[in-house]
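Below, each chain spelled out in residue letters.
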Amino acid sequence: MERYLLQVKGINKHFAGVQALSDASLEVLPGECHALLGANGAGKSTLIKILAGIYQSDGGEIYFDGKLLEGLTVKTSHDVGISVIHQELVLVPHMTIGENIFMGREPMSPFMPFVDYQTMNARAQGYLDLFELPLKATDLVSELSVAEQQMVEICRAMSMDAKLIIMDEPTASLTEKEVARLFVYIRELKKQNIAVVYVSHRLEELFAVTDRISVYRDGRYITTYRTAEVERRDLVNSMVGRSMTEFYQTEVHVRGEPLLEVRNLEVPGILKNISFTLYKGEILGFSGIVGAGRTELAQALFGILPYSSGSVLLNGKATTIRQPSDAIAAGIGLVPESRKEHGLNLHETVGFNLTLQVLRDFMRGCFVDRRTEKSIIEEATKNLAIRTAGPNQLALHLSGGNQQKVVIAKWLALRPQILILDEPTRGIDVGAKVEIYQIMNKLAKSGVSIIMISSELPEVLNMSDRILVMHEGKITGELGREEATPEKIMHFATGGTYD
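The structure presented is a predicted model; accordingly, all values stated were derived computationally and were not measured. (Residues numbered from 1 in each chain as written. Predicted model: local features only at pLDDT ≥ 70, side-chain atom pairs only at ≥ 80, totals over all residues. Heavy atoms only, no water.)

Enquirer: Summarise the sheet that holds strand 22 (residues 474–480); cite the residues concerned and give the values.
Expert: The sheet built from six strands is open, its strands ordered 16-19-20-13-21-22 with mixed pairing. The open sheet has two edge strands with one neighbour each: strand 16 (332–335) and strand 22. Neighbouring strand axes in the sheet, compared pairwise and without regard to direction, differ in orientation by 20° on average. Two elements, strand 13 (residues 283–287) and strand 20 (residues 449–453), share four bridges in a ladder whose sense is parallel. Among the inter-strand pairings, Leu284 is bridged to a residue of strand 20, identified as Ile451. The strands that helix 17 (residues 486–493) touches are strand 13, strand 21 (466–471) and strand 22; relative to strand 21, the one it contacts most, it runs at about 35°. (Pairing = 2+ DSSP bridges. Helix = DSSP H or I, 4+ residues; strand = E, 2+ residues; numbered from the N terminus. Axes fitted to C-alpha atoms, helices over the stretch in contact; angles between N-to-C directions. Contact = heavy atoms within 4.5 Å.)

Enquirer: Please set out the environment of Val469 residue by residue, giving values where relevant.
Expert: Relative to the helices and strands, Val469 resides in strand 21. Residues within four places of Val469 in sequence aside, it is in contact with Ser287, Lys474, Ile475, Thr476, Gly477, Ile489, Phe492 and Ala493.

Enquirer: Any details on the pattern of salt bridges? Residues and values, ideally.
Expert: Counted according to the given criterion, the structure contains 16 salt bridges. Its salt-bridge partner being Glu32, residue Arg212 comes within 2.9 Å of it at the nearest N-O pair. With Arg212 in strand 9 (residues 212–217) and Glu32 in the loop between strand 2 (18–28) and strand 3 (33–38), this residue pair connects regions lying 180 residues apart in the sequence. The shortest N-O distance in the salt bridge between Arg370 and Glu373 comes to 2.9 Å. You can see Arg370 and its partner Glu373 sitting in helix 13 (residues 370–383), three residues apart, about one turn around the helix. A relative accessible area of 54% places Arg370 in the exposed class. (Salt bridge = Lys/Arg side-chain N within 4 Å of Asp/Glu carboxyl O. Buried < 20%, exposed > 50% of the residue type's maximum accessible area, 1.4 Å probe, protein only.)

Enquirer: So, the pairing of strand 3: which residues are in play, and what are the values?
Expert: With six of six residues buried, strand 3 lies mostly within the body of the structure. Alternating positions in strand 3 separate into two faces, Cys33, Ala35 and Leu37 on one and His34, Leu36 and Gly38 on the other, with burial throughout. Sheet topology note: the strand 3/strand 8 (residues 195–199) ladder contains four bridges and is parallel. Paired with Leu36 across the strands is Val199, a residue of strand 8. The sheet contact formed by strand 3 and strand 9 spans five bridges and is parallel. Within strand 9, the position partnered with Leu36 by the bridge is Ser214.

Enquirer: Can you tell me about the packing of aromatic side chains, naming the residues and giving the values?
Expert: Under the definition given, this model contains four aromatic pairs. A cation over an aromatic ring shows up here: Arg322 above the ring of Tyr307, its NZ or CZ 4.6 Å from the ring centre. (Phe/Tyr/Trp six-rings, centres within 6.5 Å; stacked < 30°, edge-to-face > 60°. Lys NZ or Arg CZ within 6 Å of the ring centre and 35° of its normal.)

Enquirer: With reference to specific residues and values, describe helix 1 (residues 44–51).
Expert: Most of helix 1 sits inside the fold, with seven of its eight residues counted as buried. Taken together, the buried positions of helix 1 are occupied by Lys44, Thr46, Leu47, Ile48, Lys49, Ile50 and Leu51. A positive phi of about 85° marks Gly53, the residue just after helix 1.

Enquirer: I'd love a proper account of the packing of helix 5 (residues 146–158) against helix 6 (residues 176–191), names of residues and values included.
Expert: Axis separation between helix 5 and helix 6 bottoms out at 12 Å; the angle between their running directions is 10°. With respect to helix 6, the element helix 5 is oriented roughly parallel. Residue-level inspection shows Ala147, Met151, Ile154 and Met158 of helix 5 in contact with helix 6, the latter providing Glu178, Leu182, Tyr185 and Leu189. Grouping the amino acids of the contact of helix 5 with helix 6 by side-chain chemistry returns seven nonpolar, no polar and one charged. (Parallel < 35°, antiparallel > 145°, perpendicular 65-115°, else oblique. Nonpolar A, V, L, I, M, F, W, Y, C, P; charged D, E, K, R; others polar.)

Enquirer: Go over helix 4 (residues 117–130) with me, naming the residues and quoting the values.
Expert: For helix 4, with 14 residues, the first-to-last C-alpha span of 20 Å sits near the 20 Å given by 1.5 Å per residue. Within the sequence span of helix 4, burial applies to Met120, Asn121, Ala124, Tyr127 and Leu128. Taken down its axis, helix 4 places every buried residue within 120° of arc, on the same side. Looking at helix 4, the residues exposed on the side facing more than 90 degrees away from the buried face are Gln118 and Ala122. Glu132 sits one or two residues past helix 4 and shows a positive phi near 55°. (Expected span 1.5 Å × (residues − 1). Arc of directions from axis to C-beta.)

Enquirer: Hey, could you go over the sheet that holds strand 12 (residues 271–279) for me, with residue numbers and the actual values?
Expert: Each strand in a sheet pairs with another by means of backbone hydrogen bonds, the pair being arranged parallel or else antiparallel. Read from one edge of the open sheet, four strands run 12-11-14-15, paired in antiparallel fashion. Strand pairing shows two members of the sheet lacking a second neighbour, strand 12 and strand 15 (317–318), which therefore form its edges. Where strand 11 (residues 258–267) meets strand 14 (residues 309–314), five bridges bridge the pair, whose relative direction is antiparallel. Counterpart to Leu260 in the pairing with strand 14 is Leu314. Sheet strands in contact with helix 9 (residues 294–301) are strand 11 and strand 12, and its direction is about 70° off that of strand 12.

Listed below in C-alpha cells is the structure:
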C-alpha cells in the first residue's frame, strides 16, 4: 500500500450562496509532481487555501505525513511543511527582494538582536542566481515587472524547506526561459523527495512536468490520471463534463472602413514610432514576447500612459487622448491584463461592478432608479452568461472566467466603438475561453472593433483577422490570417525583419 504525503478526504466548503467544495478528495505521493486541473469554479483555489490554512473547511479530514491535521492555520500549515505560491502576488512592494523572500524568517546576527542582512541577502541571491535572474537581492520589489515578482514568489516558497510546495498558476506571467528554469527546479525538488502540487490551465505544461493529474469539476473530485497514459481530449472532457472538439470558433469578419489610425506614436524608452490602422468590425491581434510593449501600447491608447509625440485619428478626425476619460468619451474601452488589480473592485458586488461605468443612466441626483439599474444588471448577466449567485454576490467569489466576463460587460454597457482586450483569457479554463471567443466574434459581427493582446500563439492565430507583432517597443511585422504561422510570428517577435 502506497504511503501518501497528503490525503484530503471529504472536504466541504460553503460560501454565501455558493458550494465551493463538496466531498473533495486528493492524494499526493512524496516526490511527485501532481497536477490539480479543473475549470474556473471547480474548487481548486478554495482547496489550496484550505491546505494553506487561509480558509477553514466545513467538514472532512486532511492527513499530512500520516498525521491528522486539525484546526489548520497559516502557521501550522507552514510548520508541518506546506508552502504555497498563490495565484495573486502577495509581495510588499517597498521592501527588497531579500526582505520579501525571508519575511518573518529573517536570519539574526549572532552577536546583536538585529537582522543579519548580509547573510539574508546572500541566501536570497542564491535563489535568484538559480533561476538566472538578472536581479539583486537588494532591489526593491516595486521596481520589478510582474514576471519578475512571480519569480520572487517562487524563490520565497523554495526557501522554506517544505515537504510539499503548491504552485497555483506559477507560470502565468513568466517567459519561456523562466518556465523552463522552473521545470528544471521542480525536477530537482522531486529528486529530493519533495512533492509539488501544480495548478495550471496550460495543458502542455502538465504533460511536460507532472506525474499524475487529478481533475475537479463543480467542486467535486472526478478522477486521477497518470500523465504518461492520458490524452489531452480526455482531460478536457473530464474538466467540462462533455466532449469539446473545437476550442476556437474562427470566423471571417467583414472589415469596414478605417476606424482608428495611429501614426508615429512615441513613449520615451517604451514605444517607438508605432503606426497602424484598426478597421471597423475586425479583430486585430497583437503578439510578442514579454516586455515587447503591447500592454504599454494599450495603456497609451487608453490615456493611462502619456505619449510624447504622434497622433491618433478616430473616424478620420484627430483625437486627443491624455487620460482615460478622453478614451471613454471617444468610445474606447480597456479590459486590462490584470482583472483583479485593475479591472474589478473585488470586495464589491457583481451589480456594483457591472454598473460602475454607467451610473448616469440610473442616477437621478441623489436618487437611484432601481428598476433601470436592475435592468442593466440583468441584461449584462444574460447576454454574457455570467454565472453568479445574484447581483449581490461579491466579485471576489466568482470564478476567473466569470470575473473576466463581468469586466467585459462593464465596458459593453457603454457601447464602445473599440474594445481593447489585454490577455482576455489569461488564467481561465477551456470552457470559459470558448465563451469569451464567442463574445468576441459576436461583437465583431455587430461592428465593434477589437484590439486583442495575447501571449498564446494559438489564440492569436485563430481569433485574429490580422496580426501585428511587436519587439522592444516597435511593430516589426504584420501578418494576415492566411499567411500567419507560429514560425513567422516568432521570427518578428524576436527582432526579425521582412526578408
